[in-house]
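A closer look at the structure
One letter stands for each residue in the lines below.
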Amino acid sequence: MTTHPIPILGAPPSPRGDGEVLRVLQRRAARGSRADGNRVALVISGGGMRAAYAGGMAHALEDAGLGDCFDVIYGSSAGAYIGASLLLGCGHGAGHIFFEDLACRAFIDPRRLGTRRPVVSLNHLIDHVLVHSKPMDWERLAATPVPLRVVATAADDLRPHALDPATPHEWKVALRATAAIPLLAGPPVEFHGRRWMDGSVAEPVPVLRALRDGATHVLVLLNRTGTELRRPDPGTGPGRWARTLDRLAPGLGRITQESVRHGPALAVLDDVTHPSRGDAHLLALTPEHDLDVHGLTIDAPRVAGAAAAGYATVAATLARMRIPAQRS
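Predicted model, so just to flag it, every value in this text is computed and none were measured.

Rules used in this analysis
- Residues numbered from 1 in each chain as written.
- Predicted model: local features only at pLDDT ≥ 70, side-chain atom pairs only at ≥ 80, totals over all residues.
- Heavy atoms only, no water.
- Helix = DSSP H or I, 4+ residues; strand = E, 2+ residues; numbered from the N terminus.
- Buried < 20%, exposed > 50% of the residue type's maximum accessible area, 1.4 Å probe, protein only.
- Areas by Shrake-Rupley, 256 points an atom, 1.4 Å probe, with all protein chains shown as cover.
- Pairing = 2+ DSSP bridges.
- Axes fitted to C-alpha atoms, helices over the stretch in contact; angles between N-to-C directions.
- Parallel < 35°, antiparallel > 145°, perpendicular 65-115°, else oblique.
- Left-handed = near helix turned anticlockwise from the far one by under 90°.
- Contact = heavy atoms within 4.5 Å.
- Nonpolar A, V, L, I, M, F, W, Y, C, P; charged D, E, K, R; others polar.
- Core = buried A, V, L, I, M, F, W, Y, C linked by side-chain atoms within 4.5 Å.
- Salt bridge = Lys/Arg side-chain N within 4 Å of Asp/Glu carboxyl O.
- UniProt positions renumbered as here; feature names shortened; annotations may be inferred.
- Polar contact = N/O pair within 3.5 Å; in protein donor to acceptor, adjacent residues only side chain to side chain.

Here the focus is the overall build of the protein chain. Scanning the protein chain for helices and strands turns up 14 helices and eight strands. Per-residue burial over the protein chain gives 56% buried out of 328 residues. As displayed, the protein chain offers around 14,000 Å² of accessible surface, 55% of which is attributable to carbon and sulfur atoms.

Below you can see the structure in the form of structure tokens.
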């Protein structure tokens, strides 16, 4: 079976035609219309503060005039917040929120571990940042014609699902649900009669979901380098964190391991003959370098570097394909 690595910065688009993903976006931007018979999806991975990479990528897509050229956006955890910002024309905020507003102890404080307060304060994000410094237009988000599929993990069966918020209040609940995780960011969140937690637990990169929904073109924004994505989990069994989560919900610890979580998405991205791909065009963008930004990193300069690296990834890819930026 022939496989091809994920296209990354510095390598040309796959001969399979994955560059067509960006070309169809360029044609839509030039026409000012999405009416071309295609279904173009944007998939944004989560990962806590790692999502600064994808935030920078979203910023670059908006600056290139491509932010409003997608038919549907999929996001897990922090990827859902980035998707919401891009839908509302706030790509700049999607890139800057991580180092301007979230790289601080008000949002992430490991000293809260073992207390009644979560290490990651979703209250700080939703009730402070998205109200004051980076206000979210919840009314407009609830009415946007382009759907945002917020992926969350059901607490009862540990399976991923796309939530369907309809009102501003439900959007706030859904975005809290997709980022909640026991012992870290708070308990599962109730939404439409079920309890939900971090979408990245079960489906960090919803590319298969986009394909099942009929996407003809999929652009994937990843928060890890190609090498890092394929790095095996350390040791031969689940670590202490995974074992702790398993005590809360059997099976939860195992599916939080990197190889288990990313395996299905990597399989379809790597293999041009994968049966789930069909005739769809796929292009995955990854940061060129690992800047040592992890899910709980609050070193603001380092997080800013990750956002800049994500922006540079998109800008260089567009330049290589001779797709000009429309805004600076």
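So, on to the pairing of strand S4 (residues 160–163). Two elements, strand S3 (residues 148–154) and S4, share four bridges in a ladder whose sense is antiparallel. When the bridges of S4 are listed, Val-150 appears paired with Leu-163. The turn joining S3 and S4, which pair antiparallel and follow one another in sequence, is formed by five residues; a positive phi near 55 degrees is taken by Leu-158.

Running from N to C, helix H2 (residues 52–63) and helix H4 (residues 91–102) cross one another at 155 degrees; their axes reach a closest spacing of 7 Å. The angle between H2 and H4 places the two elements in the roughly antiparallel class. For H2 against H4, the interelement crossing comes out left-handed. Contact with H2, carried on its side by Ala-52, Gly-55, Gly-56, Ala-58, His-59 and Glu-62, involves Gly-91, His-92, Ala-94, Gly-95, His-96 and Phe-98 of H4 and no other residues of that element. Partitioning the contact of H2 with H4 into residue classes produces four nonpolar, seven polar and one charged.

Here we come to the nonpolar core. Grouped together as the largest cluster of nonpolar side chains are 76 residues, with contacts concentrated most on Leu-25, Leu-42, Phe-98, Leu-125, Leu-219 and Leu-221. Apart from the residues lying within four places of it in its own chain, the contact partners of Phe-98 are Gly-48, Met-49, Ala-51, Ala-52, Gly-55, Ala-78, Ile-82, Ala-103 and Val-303. Of all hydrophobic cores here, the second largest spans 20 residues; its members include Val-207, Ala-215, Leu-222 and Leu-282.

In this section: the pattern of salt bridges. Scanning the entire structure with this criterion turns up 18 salt bridges. Note that Asp-71 is salt-bridged to Arg-28, the shortest N-O span being 2.9 Å. Here the residue Asp-71 occupies a position in the loop between H2 and strand S2 (72–76), and Arg-28 occupies one in helix H1 (residues 20–31), the gap between them amounting to 43 residues. Given the relative accessible area of 15%, Asp-71 is considered buried. Of the residues examined, Arg-28 reaches a relative accessible area of 1% and is grouped as buried. What you see here is one network of salt bridges that share partners, running through Arg-28, Arg-31, Arg-34, Asp-36 and Asp-71.

So, on to the UniProt feature "active site" (unreviewed entry) in the protein chain. The sites that carry the UniProt feature "active site" (unreviewed entry) are, in the present numbering, Ser-77 and Asp-198. Spanning 122 residues, the named residues form one tight spatial group whose C-alpha atoms are at most 5.8 Å apart. The class for Ser-77 is buried, based on a relative accessible area of 5%. The contacts of Ser-77, once residues within four sequence positions are left out, are Gly-46, Val-151, Thr-178, Ala-179, Asp-198 and Ser-200. Looking at the element boundaries, Asp-198 is found in the loop between strand S6 (194–197) and helix H8 (199–202). Note on Asp-198: relative accessible area 10%, which makes it buried. Those residues within four positions of Asp-198 in sequence are excluded, and the remaining contacts are Ser-77, Thr-153, Ala-177, Thr-178, Ala-179, Ala-180 and Ile-181. Among the polar contacts made by the side chain of Asp-198, one reaches the side chain of Ser-77 at a distance of 3.4 Å.

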